[in-house]
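The primary structure of each chain is shown beneath.
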Amino acid sequence: MNNTQSASHQAGQAKGQAEEKGRQLMDQASNAAQSAKESMQQAGQQLQAKAQDATEAVKNATGMNK
């Protein structure tokens, strides 16, 4: 293999490694986004449940729940 072929081969390997690293970073970002989405959904559900509990408490305290 001459120098030109060797340099081309090394450039191809570097490109492949860079593409793989890019895919890994995109996967990590996607996983982080999915995790954040799930956390926000869970927080929203908890907040909704607390609001419902508070509404029931007010109804009970004011006699509106009878």
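In short, a report on the structure.

Reading the values: rules and limits
- Residues numbered from 1 in each chain as written.
- Predicted model: local features only at pLDDT ≥ 70, side-chain atom pairs only at ≥ 80, totals over all residues.
- Heavy atoms only, no water.
- Helix = DSSP H or I, 4+ residues; strand = E, 2+ residues; numbered from the N terminus.
- Buried < 20%, exposed > 50% of the residue type's maximum accessible area, 1.4 Å probe, protein only.
- Areas by Shrake-Rupley, 256 points an atom, 1.4 Å probe, with all protein chains shown as cover.
- Lys, Arg positive; Asp, Glu negative; His and termini not counted.
- Charge placed at Lys NZ, Arg CZ, Asp CG, Glu CD.
- Expected span 1.5 Å × (residues − 1).
- Polar contact = N/O pair within 3.5 Å; in protein donor to acceptor, adjacent residues only side chain to side chain.

Details of the overall build of the protein
A count of helical and extended segments in the protein gives one helix and zero strands. Residue burial in the protein is summarised as follows: out of 66 residues, 0% are buried. Summed over its atoms, the accessible surface of the protein is roughly 5800 Å², and 52% of this surface lies on carbon and sulfur atoms. Taking the average location of the 7 positive side-chain charges in the protein and that of its 6 negative ones, the two points are 5 Å from each other.

Quick look at helix α1 (residues 3–62)
In an α-helix, one full turn covers 3.6 residues, which means residues spaced three or four apart are oriented alike. Spanning 60 residues, α1 covers 88 Å between terminal C-alpha atoms, matching the ideal 88 Å at 1.5 Å per step. Two or three places before T4, at the opening of α1, N2 has a side-chain oxygen 3.0 Å from that residue's backbone nitrogen. One or two positions beyond α1, positive phi appears at G63, with a value near 80°.

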